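Secondary and tertiary structure notes
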Amino acid sequence: MAIGGLISNRNLGSFIGSGKVCQAELAITHYRGEQSAIAVAKLVQGTIFYQKFSNRRVSICLHSGERSFTLSQRRSRGRCGCSLASDSSLGSWLQPIAEDKISASDGQHKEYQHVKVNRTCAYYKSEEYDITGEEAASLASSDGSNETVLFEGNVQETTPWWESFPKRWVIVLLCFAAFLLCNMDRVNMSIAILPMSQEFNWNSATVGLIQSSFFWGYLLTQILGGIWADKIGGKLVLGFGVVWWSIATVLTPIAARVGLPCLLIMRAFMGIGEGVAMPAMNNILSKWIPVSERSRSLALVYSGMYLGSVTGLAFSPILIHNFGWSSVFYSFGSLGSIWFALWLRKAYSSPKEDPELTAQEKRVILGGSMSKECVSVIPWRLILSKAPVWALIISHFCHNWGTFILLTWMPTYYNQVLKFNLTESGLFCVLPWLTMAVFANIGGWIADTLVSRGLSITAVRKIMQSIGFLGPAFFLTQLSHVRTPAMAVLCMACSQGSDAFSQSGLYSNHQDIGPRYAGVLLGLSNTAGVLAGVFGTAATGYILQRGSWDDVFKVAVALYIIGTLVWNFFSTGEKVLD
């Protein structure tokens with residue numbers, strides 16, 4: 001709140017600043033209980049002194065009648081400077097120079113410039129406090145003339161809203177954008193592979209080999225990405241990952257024209273880049289996000305993956321139809337350079353490294369706890385000896401088995417069982433991703449609300465993950481009883497919607513049990529999750545050759561129940577790794 005005060009006269013006995021009113025000859029203010037004081041001008045027998053300097057920029061304007069001068073403070077590298085500016089109308093008021101500098105350190109006070117003033121008007125800009133009219137009315141100058149007047153609105157805040165936006169949520173939004181690009185670049189091959197296979201005469205076995213080559217590199221860097229992030233910081237690792245997979249995406253058309261081996265290597269390279277994304281993101285958010293906002297922040301980031309799939313599936317056919325299949329890789333891959341430029345400018349691995357972070361937000365993030373430094377050695381024996389860690393790994397495997405089956409085989413199910421054509425199958429394939437994006441954020445807000453109202457983190461994680469397991473299990477069992485395609489699609493959408501509550505369950509738990517090793521923990525559990533996707537997809541094809549879709553769903557439901565039991569018996573929301 002900006003405040004202007006007219007203060008009378010000789011001793012400057014009353015001074016208004018930062019909402020505090022100090023009587024007597026020395027005026028010092030306090031900023032939120034800290035020991036800093038604003039630069040205070042004190043006039044004693046015609047002499048202006050600077051008593052103390054603060055970390056904030058302050059300007060004081062003094063004028064009398066038609067004559068005025070401005071006294072301003074500036075700070076640079078720990079030195080405080082003071083300049084006195086004037087114009088020709090000041091005459092002999094400023095002697096002998098129009099501008100000078102003073103500095104103060106370690107409580108040393110230096111005398112400034114003699115100024116002869118009869119009546120003084122001081123304007124001081126304050127950013128934190130208000131002075132009410134009643135307080136201003138009680139002010140009086142030292143000679144009792146009662147000439148103090150409060151002017152509201154003389155100086156107004158001009159800080160743009162984007163500068164006051166919480167920095168931790170800037171990090172979250174950048175991670176969201178990274179995961180949006182991650183799945184856009186991943187799913188574009190599932191669309192582009194159709195015209196590519198016609199152009200290069202690939203058979204079904206070759207198409208399957210190309211699709212699976214992505215996971216060669218993706219599996220390789222899950223744990224390595226977590227180790228790198230925990231040791232050198234999430235900013236560098238996530239930035240490397242986005243640049244790496246973006247380059248691989250742009251080079252994919254060139255590799256395809258060179259030959260099949262080159263294409264397989266390029267797809268594996270793309271998997272290497274995307275493999276570090278989740279561990280690096282988990283590491284950086286473990287340092288930036290307080291526990292009261294953890295679920296909703298992770299839910300928002302993971303919803304970027306779901307929306308990335310929707311965006312990729314929606315725009316790839318349009319680009320291919322108008323500009324050819326190569327355009328998908330060139331356009332999607334080039335978006336990574338825009339993201340990387342913003343990431344370098346705005347992101348930091350931890351709050352301690354950000355020079356623009358306010359003290360207030362830093363207190364919110366740290367919450368009075370010790371700062372989370374990067375680790376030098378990963379205590380593998382300690383990590384693997386903890387039951388909650390194994391609960392994460394097993395539960396992640398059980399969760400991803402069902403999730404990958406649904407997402408991979410859903411178009412086939414729609415076509416073979418529900419008798420949808422391929423266009424309708426593709427359209428309905430987008431619905432689960434949209435449902436997951438919506439319900440992931442709903443679950444995140446519910447989880448954080450429960451935590452803020454006093455429910456233990458352990459209880460919240462178990463509740464949310466139980467919904468993420470039992471919800472899909474229930475709706476999959478209903479598929480054998482429905483008789484209409486509409487009800488089947490509804491069951492599939494509800495299954496994926498309840499599955500999204502896992503973002504506030506096991507996907508948030510890595511930061512709970514070991515914030516310093518969040519990257520490594522996610523790398524371990526996600527490795528199990530990727531293996532579940534690979535084996536589950538292959539096993540589903542084997543089951544369908546000898547059985548039915550009911551058998552496929554029964555296996556997924558059994559694993560969901562196993563995951564529920566393991567999670568509720570062995571998981572915790574408390575820190576077990578320090």
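Remember, predicted model here, so these are calculated numbers, not experimental data.

Let us now look at the packing of aromatic side chains. Centre distance and the angle of the planes are the two values used to describe a pair of aromatic rings. Applying the stated criterion across every chain yields a total of 18 aromatic pairs. An angle of 85° between the planes, with centres 6.2 Å apart, marks the rings of Trp 325 and Phe 329 as edge-to-face. Of the two residues, Trp 325 and Phe 329, both sit in the buried class. Between the aromatic rings of Phe 569 and Phe 570, the centroid separation amounts to 6.5 Å while the plane-to-plane angle is 55°, which identifies the pairing as tilted. Among the residues examined, Phe 569 registers a relative accessible area of 64% and is labelled exposed. By relative accessible area, Phe 570 is classed as partly exposed at 45%. Over the face of the ring belonging to Tyr 218 we find Arg 186, whose NZ or CZ atom lies 5.0 Å from the ring centre. Taking the ring centre of Tyr 348 as reference, the NZ or CZ of Lys 235 above it sits at 5.0 Å.

Another point: the nonpolar core. As a rule of thumb, nonpolar side chains are buried together in soluble globular proteins. Counting residues in each nonpolar core, the largest one holds 110 residues, and the members touching the most others are Cys 175, Phe 179, Met 196, Leu 285, Tyr 302, Ile 383 and Tyr 413. Residue contributions to this core peak at 15 residues, all from helix H3 (residues 167–200). Apart from residues no more than four positions distant in its own chain, Phe 179 is found in contact with Ala 277, Met 278, Met 281, Val 301, Tyr 302, Gly 304 and Met 305. Counting six residues, the second-largest nonpolar core is a separate cluster that includes Ala 447, Val 451, Val 460 and Met 464.

So, on to unusual backbone geometry. For residues besides glycine, phi is generally negative; the peptide bonds are generally trans as well. The phi angle at Asn 201 is positive, at roughly 55°, despite the residue not being glycine. Looking at the secondary structure, you find Asn 201 in the loop between H3 and helix H4 (204–232).

This part is about the pattern of salt bridges. Per the counting criterion, the structure on display carries seven salt bridges. The residue Asp 512 makes a salt bridge to Arg 461 at a minimum N-O spacing of 2.5 Å. Linking Asp 512 in helix H16 (residues 506–513) with Arg 461 in helix H14 (residues 457–478), this pair joins segments that are 51 residues apart in sequence. Each of the two residues, Asp 512 as well as Arg 461, counts as buried. Salt bridges sharing partners connect three or more residues here, namely Arg 168, Glu 293 and Glu 361.

Quick look at the packing of helix H12 (residues 387–416) against helix H17 (residues 518–546) now. Between H12 and H17, whose axes approach to 7 Å, the crossing angle comes to 40°. Comparing their axes, H17 and H12 come out oblique. Pair H12 / H17 crosses with right-handed handedness. By residue class, the composition of the contact of H12 with H17 is 18 nonpolar, eleven polar and no charged.

On the surface, a cluster of nonpolar side chains totalling about 830 Å² of accessible area is made up of Leu 220, Leu 224, Trp 228, Ile 232, Leu 236, Phe 240, Trp 244, Ile 265 and Phe 269. Those elements that place two or more of their residues in the nonpolar patch are H4, helix H5 (234–258) and helix H6 (260–275). Take the nonpolar patch: its biggest share by element is four residues, from H4. Residue position: Phe 240 is located in helix H5. The class of Phe 240 is partly exposed, set by a relative accessible area of 34%.

This brings us to the confidence of the model for the chain. Overall, the predicted model of the chain reaches an average pLDDT of 76, with 70% of residues at or above 70. At the level of individual helices and strands, the chain shows its lowest average pLDDT in strand S1 (residues 3–7), which scores 38, and its highest in H5, which scores 96.

In a regular helix each residue adds 1.5 Å, so twelve residues correspond to 16 Å; helix H7 (residues 277–288) covers 16 Å between its end C-alpha atoms and thus fits that length. Considered for burial, the residues of H7 that qualify are Ala 277, Met 278, Pro 279, Ala 280, Met 281, Asn 282, Asn 283, Ile 284, Leu 285, Ser 286, Lys 287 and Trp 288.

This brings us to the environment of Trp 325. Assignment of secondary structure puts Trp 325 in the loop between helix H8 (294–323) and helix H9 (326–346). Separated by 134 residues in the primary sequence, Trp 325 and Ile 191 place their C-alpha atoms 8.8 Å from one another. If near-sequence neighbours (up to four positions away) are discounted, Trp 325 is found in contact with Ala 192, Pro 195, Met 196, Glu 199, Phe 200, Pro 253, Ala 256, Arg 257 and Ile 320. Looking at Trp 325, its side chain comes within polar contact range of the side chain of Glu 199, at 2.7 Å.

This part is about the environment of Val 460. Residue position: Val 460 is located in helix H14. Of the residues examined, Val 460 reaches a relative accessible area of 0% and is grouped as buried. With eleven residues separating them in the primary sequence, Val 460 and Thr 449 have C-alpha atoms 9.8 Å apart. With sequence-adjacent residues up to four places away left out, Val 460 is seen in contact with Ala 447, Leu 450, Val 451 and Leu 455.

Scoring rules and cut-offs
- Residues numbered from 1 in each chain as written.
- Predicted model: local features only at pLDDT ≥ 70, side-chain atom pairs only at ≥ 80, totals over all residues.
- Heavy atoms only, no water.
- Phe/Tyr/Trp six-rings, centres within 6.5 Å; stacked < 30°, edge-to-face > 60°.
- Buried < 20%, exposed > 50% of the residue type's maximum accessible area, 1.4 Å probe, protein only.
- Lys NZ or Arg CZ within 6 Å of the ring centre and 35° of its normal.
- Core = buried A, V, L, I, M, F, W, Y, C linked by side-chain atoms within 4.5 Å.
- Helix = DSSP H or I, 4+ residues; strand = E, 2+ residues; numbered from the N terminus.
- Contact = heavy atoms within 4.5 Å.
- Salt bridge = Lys/Arg side-chain N within 4 Å of Asp/Glu carboxyl O.
- Axes fitted to C-alpha atoms, helices over the stretch in contact; angles between N-to-C directions.
- Parallel < 35°, antiparallel > 145°, perpendicular 65-115°, else oblique.
- Left-handed = near helix turned anticlockwise from the far one by under 90°.
- Nonpolar A, V, L, I, M, F, W, Y, C, P; charged D, E, K, R; others polar.
- Patch = residues over 30% accessible without salt bridge, like charges linked within 9 Å, V, L, I, M, F, W, Y side chains within 5 Å.
- Areas by Shrake-Rupley, 256 points an atom, 1.4 Å probe, with all protein chains shown as cover.
- pLDDT = per-residue confidence, 0-100.
- Expected span 1.5 Å × (residues − 1).
- Polar contact = N/O pair within 3.5 Å; in protein donor to acceptor, adjacent residues only side chain to side chain.

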